[in-house]
Amino acid sequence: QFSDIPVVRHVGYIEVNTAFQNDVSPLKVDLIYGTFKSEDGSNYILPVVKRAENMVVNDTLSHDYLSPAGIESFSKLACRLLLGDIENLWNDGKVFGIQSIGGTGALKIGAEFLAQHMNCTTVYYPDPSWEMHGSIFSFSGFQKKIQYRYMNRETIEIDFEGFCEDISNASVDSVVILHACGHNPSGLDLSKEQWRTVAEIMKERKLIPFFDIAYQGIASGDIEEDTWAVRHFHSEGIEFLCAQSFSKMFTIYNERVGNLMIVQKSGHNIESLKIHFERIIRSIYSSPPNHGARTILQILSNPKLYDEWSSSFKAIAARIIELRKALRKALEEEVAFKKWNHITDQKGMFIFLNLTDSQVEYLRNFHHIYMINCGRVNVSGLNFTNISYVAKAINDTLRK
Ligand code: PMP
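Given the structure is predicted, the values throughout are model-derived calculations rather than measurements.

Peer 1: So what exactly am I meant to see when it comes to the pairing of strand E4 (residues 144–149) here?
Peer 2: The side chains of a regular strand alternate between the sheet's two faces. Where strand E3 (residues 122–127) lies against E4, 6 bridges are found, and the strand directions are parallel. Looking at E4, one finds that Asp127 is bridged to Arg149. Between E3 and its parallel partner E4, the chain crosses via helix H6 (residues 133–139), and the hand of that crossover is right-handed.

Peer 1: Teacher, can you tell me more about the sheet that holds E4 here?
Peer 2: One key point about sheets: their strands pair by backbone hydrogen bonds, in either a parallel or an antiparallel sense. In space, the 7 strands of this open sheet follow the order E2-E10-E9-E8-E7-E3-E4, with mixed pairing throughout. Edge strands, defined here as strands with exactly one partner in the open sheet, are strand E2 (95–101) and E4. Along the sheet, successive strands turn relative to each other by an average axial angle of 25 degrees, direction set aside. As paired elements, strand E7 (residues 175–179) and strand E8 (residues 208–213) share 5 bridges and run parallel to each other. Along E8, the bridge assignment pairs Leu178 with Phe211.

Peer 1: Is there a simple way to think about helix H9 (residues 228–235) in this case?
Peer 2: In an α-helix, one turn spans 3.6 residues, which is why side chains three or four residues apart end up on the same side. Taken as a whole, H9 has its buried residues at Ala229, Val230, Phe233 and His234. Along H9, the residues classed as buried sweep out an arc of 140 degrees about the axis, all on the same side. Just beyond H9, the residue with positive phi is Gly237, at close to 75 degrees.

Peer 1: It is not clear to me how the site of the ligand should be interpreted in this structure. Could you clarify?
Peer 2: Residues in contact with the ligand, as listed here, are Gly34, Gly102, Gly103, Thr104, Trp130, His179, Asn184, Asp212, Ala214, Ser245, Ser247 and Gly258. Ranked by residue count, the leading element in the shell around the ligand is helix H5 (residues 102–117), at 3 residues. Here the shell around the ligand is built from residues that sort into 2 nonpolar, 9 polar and 1 charged.

Peer 1: Help me understand the packing of helix H2 (residues 47–59) against helix H12 (residues 303–334), please; the structure alone is not making it clear to me.
Peer 2: Packed helix pairs are characterised by how far apart their axes lie and by the angle those axes make with each other. Taken N-terminus to C-terminus, the directions of H2 and H12 make an angle of 150 degrees; their axes are 9 Å apart at the nearest point. Relative to H12, H2 is oriented roughly antiparallel. Along the contact surface, H2 presents Pro47, Val48 and Ala52, while H12 presents Leu305, Glu308, Trp309 and Ser312.

Peer 1: Quick question: what am I supposed to make of H2 here?
Peer 2: For H2, spanning 13 residues, the distance from its first C-alpha to its last is 19 Å, which sits close to the expected 18 Å at 1.5 Å a residue. For H2, the complete set of buried residues consists of Val48, Val49, Ala52 and Glu53. Angularly, the buried residues of H2 cover 135 degrees about the axis, an arc narrow enough to put them on a single face. Exposed positions of H2 whose direction lies more than 90 degrees from the buried face are Pro47, Lys50, Asn54, Val57 and Asn58.

Reading the values: rules and limits
- Residues numbered from 1 in each chain as written.
- Predicted model: local features only at pLDDT ≥ 70, side-chain atom pairs only at ≥ 80, totals over all residues.
- Pairing = 2+ DSSP bridges.
- Helix = DSSP H or I, 4+ residues; strand = E, 2+ residues; numbered from the N terminus.
- Right-handed = clockwise from strand over helix to strand, strands pointing away.
- Axes fitted to C-alpha atoms, helices over the stretch in contact; angles between N-to-C directions.
- Buried ≥ 20, exposed ≤ 12 C-beta atoms within 10 Å, placed from the backbone.
- Arc of directions from axis to C-beta.
- Near = placed C-beta within 6 Å.
- Nonpolar A, V, L, I, M, F, W, Y, C, P; charged D, E, K, R; others polar.
- Parallel < 35°, antiparallel > 145°, perpendicular 65-115°, else oblique.
- Contact = placed C-beta atoms within 7 Å.
- Expected span 1.5 Å × (residues − 1).

The structure is reproduced here in structure tokens:
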């Protein structure tokens, strides 16, 4: 009977968000989800996205099904955002893309493919990482989930030696998830030199890289620079997958737009490979939705809209950098006994405060400040009105 199913409750984001919604205090601060907010705390949508959406609505003549792999021209432009000029690679079948339901959907169909067709059973992902990596792969049949060392929690720095040691011990055909930029939640990205070493190890150990890129353009402020690692692996002749999320890049979270890019050495089997992916998709959701991908296609294929998008997107990235500086300054003034340089050293949408569970709970219960465990802060939930309140509250929490 259904009633025999063990009782569970929400953990992580959903639980914190429910508590935030139920909090009636005017002081409450939402630092939970990775979504962009305006200075007044409201949800922000890029104006160019709104315009492109209206164009899509006006141009829509039918709601016919898309093919399981989605809109090919969308996927091609998505892959181009990652690798630059791919015309020949695309025509040769060495690079191809599948429209997906957000970055999450790209990870899911990639995981299913690796389990079913590459007989992969082990996945490595960073400690810490985005909370869904482990479950997506275990729900897809991976028997072993191993977290490789990534961050030293004492120093809040990359544990590069530990990382290399762990993946060097991985068995052949293990899948290794790599955050391409703006690591979630630590904000710590590898240097180019470190990426070169990782590529060498992966090649030598015959591991399968699975990039996850959800913050392109937000880490360094430059869309191309943030794909450096992906491009390097490609230039090294390594085959890999890359799950791309457009949720943040286009402030289009609930339209669920993503792309799975597949890079392979030879394209001779491209047609049959696509059929394998299509079979996976048909068995899960048959075919993807249209509106969000069509909106992004509109922007990526229209030079005027593209320019508008890239400059307003740069402004978002610049705002994030300003907010980081402001929080660091406020904390240096309030909590002088601790170092806060990591706040401006970290990249991307999140600040990793490295708090204990009870400190996170204290901030929530006594100061109405909401973030997920370990103290991950969505930078754009901060603004010049609440920063000093947040810094004072952190000071109070650390002194308890
Ligand atoms: N990967 C990472 C690292 C993420 O942070 C996120 C979203 N927070 C995703 C994947 C999923 O992206 P989407 O919302 O587009 O499914």
